[in-house]
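Chain and residue survey
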Amino acid sequence: MTIRPDRGESRKRFTTLRAAVAGAVSTIAVLATGGVTAAQEQCTQMQAYLAIAPNHREDVMAYIAPRLKQKFNVELVTEAIGSVMMVDRLTAQGANPRVTIVQWDVPIGINACDKGACAPIDVEKAPNLKKLPAWALGKNEAGQPMTLTAGVVGVGILYNEESLKKANLPIPKSWADLKKPEYAGRLGVTAPQSSMGTAALVMLARINGGGEKNIDPGFEATKLITPKNTIFTWSSEMSNLFQLGDLWIAVNSNNIAPALRAKGLPIKFSLPVEGSPTANTGMSLVKGSPCEAVAYEYINLYFSDEFQAMRMAAGTLSASKDAWGKITPELRADLGMGPEDLDKFIDLDWRTINAVRPGWIERWTREIK
């Protein structure tokens, strides 16, 4: 004879079993949450790669690093390196990146982010980003911010005020002025291996009927400028030539002028009447990187009015017009421009440029140098 269990007893056992399973699931969830919390607590050090710019690392370590230490007990480790090297290092680190923040040139950042190196940036987690104009939030095709404009870098004309005055030469105020014979032998042009040189090449194409998709006018205009003049690639070369007195005028970025003046050279920046193309410094969050909460605090601090004012004191302009209210009239006069001049900076189509730039560099080597 088979003895069947009482139905009431079965219900009790089922209820007990269900409660045990629920308890186990709950325990697993708690452990998982604890694991995430533990992982976050293990963030005792955060790495950031910084763009090479006057006083950049010094400002970050003086203003941002101690605040991260105080709030999260996290050590900020920074290194100022070139944008191409940043890409190489990220590639080498693969799916487990050690660096969290990368501050590369915007053109380089756009290309790297389009290839999957970056995580989208949540503006809500860094409220100071809301002060930036729309063009400073570089977005992917899905409309997500990926490459922020950390500093506005306009490409225009640097000049030695004293040298021009002694030679009774006018200050160049137009891109067209670069081909004037009176400047021959004292003018430097940046090659397109540098983002500054690429921006200048596109600008020369634009004012002569071309642009990003038709660079021929840019090359033709360059050929009218370069005879008897110097071609260089990096700003360090240009700085040395200014110091030696070999250059009186050069095509490069506005943020170099204050740094050279700090060395005792009377270098100023002329924003051409046609406008100044930008090769801005950027900032991205590395995909799969550690220390996300700390990273957002870093981003928020970086775009605070106070820190942006510090960067302007070093010569790097802020995209946030609010930050301009934090600088002195003396500094504004030293920069030679104000927030209203931001509208004269021209945002180039770097996605289109990145696709064809290697060919431009090869052509430059054949036709120019």
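This text follows the structure it describes.
In this report, we go over the structure that sits alongside the text. Small disclaimer: the values here were computed from a predicted structure and weren't measured.

Each helix and strand in the chain was counted, giving 14 helices and 14 strands. A buried classification covers 51% of the 369 residues belonging to the chain. In the chain, the share of contacts with a sequence separation of at least 24, taken over all contacts with a separation of at least 6, comes to 72%. Carbon and sulfur atoms make up 53% of the accessible area of the chain, which amounts to about 18,000 Å² in all.

Attention now moves to the packing of aromatic side chains. One pass over the structure, following the stated rule, counts five aromatic pairs. Among the aromatic residues, ring-to-ring pairing joins Tyr-63, Tyr-298, Tyr-302, Phe-303 and Phe-307 into one connected group. Note that Arg-67 overlies the ring of Tyr-63, its terminal NZ or CZ placed 3.8 Å from the centroid. The ring of Phe-219 is capped by Arg-363, whose NZ or CZ atom sits 4.2 Å from the centre of that ring.

Take the nonpolar core next. Met-46, Ile-64 and Tyr-298 are the most contacted members of the largest nonpolar core, which has 60 residues in total. Looking at which element gives the most residues to this core, the answer is helix α10 (residues 292-302), with seven residues. Residue contacts for Ile-64: discarding those within four places in its chain leaves Asp-59, Leu-76, Tyr-298, Leu-301, Tyr-302 and Phe-307. Among the nonpolar cores identified, the runner-up in size contains 38 residues, and Met-203, Ala-205, Trp-364 and Ile-368 belong to it.

Strand order in the open sheet made by the five strands is β9-β8-β10-β7-β11, with mixed pairing throughout. Strand pairing shows two members of the sheet lacking a second neighbour, β9 (230-232) and β11 (267-270), which therefore form its edges. The sheet shows a mean angle of 35° between the axes of neighbouring strands, taken without regard to direction. Bridge analysis of strand β7 (residues 155-160) against β11 gives four bridges, and the strand direction is antiparallel.

Let's shift gears to the pairing of β7. Taken across its six residues, β7 has six buried, putting it largely inside the fold. Inspection of the sheet shows β7 paired to strand β10 (residues 249-253) by five bridges, in the antiparallel sense. Paired with Tyr-159 across the two strands is Ile-249, which belongs to β10.

This paragraph deals with the side chain of Thr-226. By the element assignment, Thr-226 lies in the loop between α7 (216-225) and β9. Discounting chain neighbours no more than four positions away, the residues touching Thr-226 are Val-189, Ile-231 and Ile-368.

The next point concerns the state of the cysteines. Enumeration according to the criterion identifies two disulfides in this entry. With a sulfur-sulfur separation of 1.8 Å, Cys-43 is cross-linked through a disulfide to Cys-291. Where Cys-43 bonds to Cys-291 through sulfur, the torsion about that S-S bond is close to 110°, and the disulfide is right-handed. A residue pair is termed long-range when its members are at least 10 positions apart, and Cys-43 in the loop between α1 (7-41) and β1 (45-50) and Cys-291 in the loop between β13 (281-286) and α10 qualify at 248 residues. Judged by relative accessible area, which is 10%, Cys-291 ranks as buried. Disulfide pairing places Cys-113 opposite Cys-118 at an S-S distance of 2.0 Å. With the S-S bond torsion at -80°, the cross-link from Cys-113 to Cys-118 turns out left-handed. On the basis of relative accessible area, Cys-118 is assigned to the buried category, the value being 6%. If one numbers only the bonded cysteines of the chain, in the order they occur, the disulfide pattern is 1-4, 2-3.

Calculation rules
- Residues numbered from 1 in each chain as written.
- Predicted model: local features only at pLDDT ≥ 70, side-chain atom pairs only at ≥ 80, totals over all residues.
- Heavy atoms only, no water.
- Helix = DSSP H or I, 4+ residues; strand = E, 2+ residues; numbered from the N terminus.
- Buried < 20%, exposed > 50% of the residue type's maximum accessible area, 1.4 Å probe, protein only.
- Contact = heavy atoms within 4.5 Å.
- Areas by Shrake-Rupley, 256 points an atom, 1.4 Å probe, with all protein chains shown as cover.
- Phe/Tyr/Trp six-rings, centres within 6.5 Å; stacked < 30°, edge-to-face > 60°.
- Lys NZ or Arg CZ within 6 Å of the ring centre and 35° of its normal.
- Core = buried A, V, L, I, M, F, W, Y, C linked by side-chain atoms within 4.5 Å.
- Pairing = 2+ DSSP bridges.
- Axes fitted to C-alpha atoms, helices over the stretch in contact; angles between N-to-C directions.
- Disulfide = S-S within 2.5 Å.

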